[in-house]
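Descriptive structure summary
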Amino acid sequence: MNFSFQSTSGANDAPAGTPAGGNLGRPLVSRNRSALVHGTLVLFALAIVGKAVKLQLVEGREWAQFATGQQVKERDIVAPRGRIFDATGNVLVETRELVQLNISPWEVKPTKKLENPRATLRDGLRALKVPEKLIRRAIDPKSHNAVLLPGLYLPSAVERVASLPGVYPQRRYSRSVSAPQGIRNVIGSVNSNDVPSGGIEQELDSLLRGVRGRNVLLSNGRGTLMESPQFVGTAARAGHSVRLTLNQSLQEIAENELATAMKRTGASGGDVVIIDPRDGAVLVMAGAREGKPAPASTALTEAYEPGSVMKPFLVARLLDAERTTPGEIINTENGKFTVAGRTIIDEHKAPAMAVRDIIRHSSNVGVAKLAQRFSPREQYEAIRDFGFGVYTGVPYPGESRGRLYTTDQWTAKSSSALAMGYEMSATPLQIATAYASLANGGELLQPGLVREITDAEGNVVYQHTRRVVRRVLTPEATTTMRAMLESVVDSGTATAAELATYDVAGKSGTAKRVVGRVYESEKYNSTFAGMFPAQQPQYVFVARLIDPLGKIYGGVVSGEMVNGILQAALATRDASLDRRALAAVAKQLPVPVAKPLTPQQTLARLRDSLRQDSLRAPMPAAVEPVAEAARVVVTLPLPGAGNAPASPSRSKAAATSGARGVAGPASAAVTASGAPSRAARPVPTVYGLDLRQAVRTLHAAGFQVRIAKGVSGRTRPASGAVVRPGTTVVLESQQ
């Protein structure tokens, strides 16, 4: 098939090289389009450069931090909280390192060393007594939810489980407290989030909590955290350690005696405070309510109307100002006196009393009349100077300041009421601090609860020192007042607190208690405050019982409680007592005059001593009389010779000629008058008594005591042996 083409006119006339159908001089690419494309490319390049500049220069630091946040993980290292000790170095509170287990069940897989880790994990968790429900979740291979065990465990207890794959131990700290309840109230507490609540823990939190550290870990692509030498963390620094002035042994004695006193008297509560008057250190703060240890340190937080224990302060101030003397006679109106419409009644009624007897017999009439010698301002300042109505300054957040109204709030009855310890309130610690000024020569000291603070390296950063707030009395006035307070215990209203071996000084107070806004006739605060020993006081104490039944007087019920505390403290080694100073002021008790014993009595006493002491020694043989003047002859029969009494002629002849007696546990040299040596006294029998009662009995007899293991109740020297007072008697016990 043939095709023929015909060109149009002029179609073949174009010059060679000219595109068919094209226009001569016309470019192949449009310049406008090319410029648009090139401009777009330039703008895109500029945008990339700009973005790079922005990322690298403007936002570079921010993005670097973001990347670091994805790859680097920082974790806080909790600092161990500082320890708390008592005055003798016993640990009261410490932080223990425990472990909490976080388990990823899907990661618990076999390894080359362990073929069945799930069985090992199951057995280990059962040994830790983890509930079966949690164990099943922890070993479920299909579970992708982490299991955090709620318990905290010792590192040694979870050592085997913690090394398993998929088990992640997390270190935790727990606050461990081993202290009597009264000290716990002073210390306060710390919750699981390391937040303190109350007491020393809260007051000294900035020192106790230490400084947290920081650990830096690097995360890989799988999210596994690992340490890297590129990042250096900060180690945690442990908190400061605090040593308190409280004595744990003495605290336990006080709490036990308080519980015993409440049970004995039926009281609903009570408090005991003991401080050292030499430097103001608080040794004991015990409290109980409704038969149980108080939930707070009530000796600091609960103020009450103290009653007659306030009388010595005003009388001492009058003595200091030479407005009275101990022997001044005051008309006490036969125990009944009306002032400003209020009738004041004395328990011990007398037409007149010397000032010293006003304190000894706690005369309300006498002290009310003496208070009239003050102006209202002088009386207010006298009470205020002893520290009433203000905070003591101890580091305890909930302390009460008590109540003391200013003179513009007084009525005509206020002067006599304040003199008797009413229309005001004070905490047991405030009362003890005021009595300490009577014990130390007239200086009001700031009480201290913290003896020493040391940092983590052991450097002492704080140490308690004696701090005098003000001088409230002259030494001469305090000496006179201590003698008056000693007579209160010796022959006044608080004889129940008297000790056989040392002098005790104090003042009783029995005040009606306000219930609601009314004084209840059957509700009392029974208080005894004083010092031990009276001559060179080492303890100042305040003992209070709330609403005792039957006997209500503070000198009787609280005085007896103080007596028990002091006897137990004397029998305890670490009760913050200077034994050498005590020996210098011990009573020199007269030795009772004994009647001459007959041979039968001597033999009976010897046999009783041998039987009680479980001795198996043979009966001593008779001895021949030896001429020795001023001796009584004691002749014992030979074993098996019978118990026939010696003839009167024999006894009489022996008494006139003299003979050497038998030396034994129950025998002693006896003079012709029948009196043993004045430097000796018999060791009392303590069989049948418990350990504490036995120790008290021996102390009351004037002996030191050392406990040894052996036959319960046996003493060395044996009971009945006559030895010098102050001798150490070994008391055997099976405990």
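Shown above is the structure to which this text applies.
Per chain, residue numbering runs from 1 following the sequence as it is written. Thresholds applied to this predicted model are a pLDDT of at least 70 for local features of residues and 80 or more for the giving and counting of side-chain atom pairs; totals over whole chains, interfaces and linings are not thresholded and use all residues. For side-chain calculations, the full set of non-hydrogen atoms in the structure is used, while hydrogens and water are omitted.

**A look at the side chain of E443**
Going by this rule: Secondary structure elements are taken from DSSP: a helix is a run of H or I of four residues or more, a strand is a run of E of two residues or more, and numbering for both begins at the N terminus. Every residue pair with non-hydrogen atoms within 4.5 Å of one another is taken to be in contact.
Locating E443 in the fold gives a position in strand 20 (residues 443-445). Residue contacts for E443: discarding those within four places in its chain leaves S437, R466, V468, R470 and R471.

**Comments concerning the sheet that holds strand 29 (residues 715-716)**
The condition that has to hold: If DSSP finds at least two bridges between two strands, the strands pair.
Pairing is mixed across the open sheet formed by three strands, whose spatial order is 28-31-29. Because the sheet does not close on itself, it has two edges, and the strands there are strand 28 (704-709) and strand 29. Pairing between strand 28 and strand 31 (residues 728-733): six bridges, direction parallel. By the bridge assignment for strand 31, V705 is matched with V729.

**A short note on the nonpolar core**
Note the following rule: Here, nonpolar core means buried Ala, Val, Leu, Ile, Met, Phe, Trp, Tyr and Cys residues that are tied together by side-chain atoms lying within 4.5 Å of each other. Here the term buried applies to any residue with accessible area under 20% of the maximum for its type, exposed to any over 50%, and partly exposed to those in between, with areas from a 1.4 Å probe on protein chains only.
Among the nonpolar cores identified, the biggest contains 121 residues, and F388, Y435, F532 and Y539 are the most heavily contacted of them. Sequence-distant contacts of Y435, that is, excluding residues within four places in its chain, are made with V309, P312, F313, L485, K507, A529, G530, M531 and V540. Residues V99, L134, A138 and L164 belong to the second largest nonpolar core, which totals 19 residues.

**Topic: the pattern of salt bridges**
Going by this rule: Any Lys or Arg side-chain nitrogen located within 4 Å of an Asp or Glu carboxyl oxygen qualifies as a salt bridge.
A complete count under the given rule lists 28 salt bridges for this structure. Between R175 and E201 there is a salt bridge, and its shortest N-O distance comes to 3.0 Å. In this pair, R175 is assigned in strand 5 (residues 167-177) and E201 in helix 7 (residues 199-203), connecting sequence segments 26 residues apart. For E443, the salt bridge identified is with R471, shortest N-O distance 3.3 Å. Of the two residues, E443 is situated in strand 20 and R471 in strand 23 (residues 468-471); the sequence distance between them amounts to 28 residues. Judged by relative accessible area, E443 falls into the buried class, the value being 17%.

**Focus on the packing of helix 11 (residues 311-320) against helix 13 (residues 364-371)**
Here is the rule we go by: To obtain an axis, a line is fitted to C-alpha atoms, over the contacting stretch when the element is a helix, and the angle between two such axes runs from 0 to 180 degrees between their N-to-C directions. We call two directions roughly parallel when the angle between them is under 35 degrees, roughly antiparallel when it is over 145, roughly perpendicular when it lies between 65 and 115, and oblique otherwise. Should the near helix be turned anticlockwise from the far one by less than a right angle, the crossing is left-handed, and should it be turned clockwise, the crossing is right-handed. Ten residue types, Ala, Val, Leu, Ile, Met, Phe, Trp, Tyr, Cys and Pro, are classed as nonpolar, four, Asp, Glu, Lys and Arg, as charged, and the remainder, Gly among them, as polar.
Remark: helix 11 packs on helix 13, axes separated minimally by 10 Å, with the N-to-C direction vectors making an angle of 45 degrees. In terms of orientation, helix 11 lies oblique with respect to helix 13. Like other packed secondary-structure pairs, helix 11 and helix 13 cross with a definite hand, here left-handed. In this structure, helix 11 uses K311, V315 and L318 to contact helix 13, whose residues at the interface are N364, V367 and L370. Along the lines of polarity and charge, the residues of the contact of helix 11 with helix 13 split into four nonpolar, one polar and one charged.

**Concerning the pairing of strand 31**
Of all six residues that make up strand 31, five are buried, and the element is covered over most of its length. In this structure, strand 29 lies alongside strand 31, joined through two bridges in antiparallel fashion. Looking across to strand 31, one finds that R716 is bridged to V730.

**Topic: unusual backbone geometry**
Residue P533 is reached from F532 by a cis peptide bond, and omega for that bond is -20 degrees. In this fold, P533 is placed in the loop between strand 25 (518-532) and strand 26 (539-546). Omega for the bond connecting R716 with P717 falls within 30 degrees of zero, at 0 degrees, which places this linkage in the cis form. Backbone geometry at E333 places phi at a positive 55 degrees, although glycine is not the residue there. Structurally, the position occupied by E333 is in the loop between strand 14 (329-331) and strand 15 (336-339). One non-glycine residue with positive phi stands out, namely E423, at about 55 degrees. By the secondary structure assignment, E423 is in the loop between helix 15 (414-419) and strand 19 (424-425).

Any link to function would need more than the numbers given here.
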